[in-house]
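# Observations on chain architecture
Now for the letters of each chain:
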Amino acid sequence: MSLRSLFKGALLVTASAALIAVITIAGVLAFVFYHSDGGRSWDMPVSMISSALTWDGADYEFSGDALLGDDRWAILIAEDGQVIWSLRKPADVPEQYSLTDVASFTRWYLSDYPVQCRIRDDGLLVVGAPRGSVWKHDISTESRLLHDAPLWCGGIFLLALGCVLGLSYFVVRRWFRQAQRVRDAARSDWINGVSHDIRTPLSMVMGYSAQMEAAEDLPPDRRKQAGIIRAQSQEIRDLVNDLNLTMRLDCAMQPLRKKPLQIEGFLRQVAADFLNGGMGEGFSFEMDLPIKPLPQIEADPFLLRRAVNNLLTNCVRHNAPGRTIRLGARAEGGNLVLFVEGGTAAGHPAPAEPDRPLAPDGGATHGTGLKLVRQIAEAHGGSVQFGPGAHQALRVSLILPIR
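Here we summarise the structure given alongside this text.

Procedures and definitions
- The residue numbers shown here count from 1 along each chain, following its written sequence.
- Only residues with pLDDT of at least 70 get local features here, since the model is predicted, and only at 80 or more are side-chain atom pairs given and counted; chain-wide, interface and lining totals rely on the full set of residues.
- Hydrogens are left out, water is left out, and the side-chain values use all remaining heavy atoms of the structure.
- Strands are runs of DSSP state E lasting at least 2 residues, helices are runs of H or I lasting at least 4, and numbering of each runs from the N terminus.
- Only protein chains enter the accessibility calculation, which uses a 1.4 Å probe; a residue is then buried when its area is under 20% of its type maximum, exposed when over 50%, and partly exposed in between.
- Here, two residues are considered to be in contact whenever any of their heavy atoms come within 4.5 Å of each other.
- With residues, only the protein chains shown are counted as cover, and all accessible areas are computed by Shrake-Rupley using a 1.4 Å probe.
- The span expected for a helix works out to 1.5 Å for each residue beyond the first.
- For this analysis, a polar contact is any N or O atom pair within 3.5 Å, provided that within protein one partner can donate a hydrogen and the other can accept it, and provided that sequence-adjacent residues contribute only side-chain to side-chain pairs.
- Any two strands between which DSSP finds at least two bridges are classified as paired.
- Only centres within 6.5 Å qualify two rings of Phe, Tyr or Trp (six-membered ring in Trp) as a pair; their planes then separate them into stacked at under 30 degrees, edge-to-face at over 60, and tilted for everything else.
- A positively charged side chain is recorded as over a ring if its NZ (Lys) or CZ (Arg) lies within 6 Å of the ring centre. The angle to the ring normal must also be within 35 degrees.
- Salt bridge criterion: a side-chain nitrogen from Lys or Arg within 4 Å of a carboxyl oxygen from Asp or Glu.
- Where helices are involved, their axes are fitted lines through C-alpha atoms of the stretch in contact, as for all axes, and angles between N-to-C directions lie from 0 to 180°.
- Grouping buried Ala, Val, Leu, Ile, Met, Phe, Trp, Tyr and Cys residues that are joined through side-chain atoms within 4.5 Å yields what is termed a nonpolar core.
- Note on angle classes: values under 35 degrees are labelled roughly parallel, values over 145 roughly antiparallel, values of 65 to 115 roughly perpendicular, and the remainder oblique.
- Two helices cross in a left-handed way if the nearer one is turned anticlockwise from the farther one by less than a right angle. They cross in a right-handed way if the turn is clockwise.

### Details of the overall build of the protein chain
- Broken down by element type, the protein chain carries nine helices and 14 strands.
- Taking all 403 residues of the protein chain together, the buried fraction comes to 34%.
- Within the protein chain, residue pairs in contact and separated by at least 24 positions form 63% of the contacts whose partners lie at least 6 positions apart.
- A total accessible area of about 24,800 Å² is found for the protein chain, and carbon and sulfur atoms account for 60% of it.

This is the structure in structure tokens:
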């Protein structure tokens, strides 16, 4: 899974959380609106009911039956507490009220009936609804709470969103690691199987070609062809080995067996093995080591030898005989720099600028060789750099930490 895919997943989770929050808030507002008489307060109907109740000089006339509906009732209480007009008043609603009674039911209930009140010139108009139809509760709060409410709501929303994103991150990360392990195991099994299948016929080809190359009864041109087959078979073998190792380093399956390493003796041994194996035939070889002893490093000798051999082989493979190959080391600050210098990569001029970074895939012309060098350097906590050497030759440097 790439970083772009993870970003898309996080964006999708964020959008989903935001959509859930918006739908929830809209649903709450719609619920409140639906259950509040279409968004209207009771003040408007009570004022209209009051306007529909008039005094003609002898009696009260009421023209607002449609406003009350079939389930509401109304009474008018005079200043002395006596009910002077009523419409559909329940039998358990009193006819006389004290100042305490008025103060109580205007805030709460009148005989368990939810009521609304409006002050008139001739008294107090009370409009009641059936028991249990309306819930009334007196709520008072400080103004500071109302001012801080948006901040609290925003903070709670951001906290919830952060929790959703955090949970999604850990779930996606866990899923990604599991999927990565499955892919790594499948790739490892496939490469190991292919490598095993190649090694057996490749060993036979190398063995027979070596015998044909050494057979004195064959014509020289046939022996030369057999030598070419043997050399190309060795390259295939090295490629398979590099493929296995780079896969193991990619998947962190190659354990590092570090031990103290004196670099001068190590490089001399690598150079001797390289020359004795005939790989440097036709090339002049130079060692570039300081007179003062170099500090020891903690490294895996097998992997480090593999990296240096790959660089030496690259110099031989991509250059004509007669060129000079230089192998050396020096200390720079807290790092030890191993370098191999000789010629250029196939068809490429020497780099004009030093410290050219290695491409992530090792470069198409280098196959897995230089990629493996980079992986080995990074496994030791170091890096690889390109730079021009003497006579415009390509220099590849392994920068390894001393401690």
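### Points about helix α8 (residues 301-317)
- With 17 residues, α8 should reach 24 Å at 1.5 Å per residue; the first-to-last C-alpha distance of 24 Å fits that figure.
- Burial analysis of α8 places 13 of its 17 residues in the buried class, which makes it a mostly covered element.
- Where α8 begins, the capping side chain belongs to D300, and its oxygen is found 3.0 Å from the backbone nitrogen of F302.

### Side note on the sheet that holds strand β4 (residues 83-87)
- Strand order in this open sheet of five strands is β4-β3-β7-β6-β5, and the pairing throughout is antiparallel. Whereas interior strands pair on both sides, the edge strands pair on one side only; in this sheet they are β4 and β5 (109-110).

### Here's the deal with the packing of aromatic side chains
- One pass over the structure, following the stated rule, counts five aromatic pairs.
- Taken together, a centroid distance of 5.6 Å and an interplanar angle of 65° make the contact between Y97 and F105 edge-to-face. Assigned by exposure class, Y97 and F105 land together as buried.
- Directly above the aromatic system of F339 lies the positively charged group of R395, at a separation of 4.2 Å from the ring centroid.

### Here's the deal with the pattern of salt bridges
- Throughout the structure, instances matching the rule amount to 11 salt bridges.
- When the shortest N-O distance is used, the salt bridge between R326 and E286 registers 3.6 Å. Here R326, found in strand β11 (residues 324-332), pairs with E286, found in strand β9 (residues 284-288); they are 40 residues apart in sequence, far enough to count as distant.
- By relative accessible area, which is 16% here, R326 ends up buried.
- The network of salt bridges with common partners includes E286, D288, R326, E341 and R395.

### Here's the deal with the pairing of strand β6 (residues 113-120)
- Pairing between β5 and β6: two bridges, direction antiparallel. Paired with Y109 across the bridge in β6 is P114.
- Between the antiparallel neighbours β5 and β6 lie two residues, among them S111 with a positive phi of about 55°.
- Linkage of β6 to strand β7 (residues 123-128), two consecutive antiparallel strands, is achieved through a turn of two residues.

### Some points on helix α7 (residues 263-276)
- The end-to-end C-alpha separation of α7 is 20 Å, in line with the 20 Å expected for 14 residues at 1.5 Å each.
- Summarising the contacts, the buried residues of α7 are in contact with β8 (259-261), β9, β10 (297-299), α8, β11 and β12 (335-341).

### Some points on the sheet that holds strand β14 (residues 394-401)
- On the basis of which strands lie adjacent, the open sheet formed by five strands has the order β9-β11-β12-β14-β13 and mixed pairing. Each edge of the sheet is formed by a strand with only one pairing partner; in this case those strands are β9 and β13 (383-388). Neighbour-to-neighbour, the strand axes of the sheet open up by a mean angle of 20°, direction not taken into account.
- Here β13 runs beside β14; their pairing, made up of six bridges, is antiparallel. Its bridge partner being in β14, F386 is matched across the sheet by V396.

### Observations regarding the nonpolar core
- One finds I263, L267, I297, L304 and L338 to be the most contacted residues of the largest nonpolar core, which totals 38 residues.
- For this core, the elements supplying multiple residues, two or more each, are α7, β10, α8, β11, β12, α9 (369-379), β13 and β14.
- Among the elements that make up this core, the one with the highest residue count is α8 (eight residues).
- In contact with L338, not counting residues within four places along its chain, are I263, L267, L304, G328, A329, V396, S397, L398 and L400.

### A look at the packing of α7 against α8
- Between α7 and α8, whose axes approach to 11 Å, the crossing angle comes to 50°. Considering their axes alone, α7 and α8 lie oblique with respect to each other. The two elements α7 and α8 cross, and the hand of that crossing is right-handed. Residues I263, F266, Q269, V270, D273 and F274 of α7 form the contact with α8, whose own contacting residues are P301, L304, R305, V308, N309, L312, T313 and V316.

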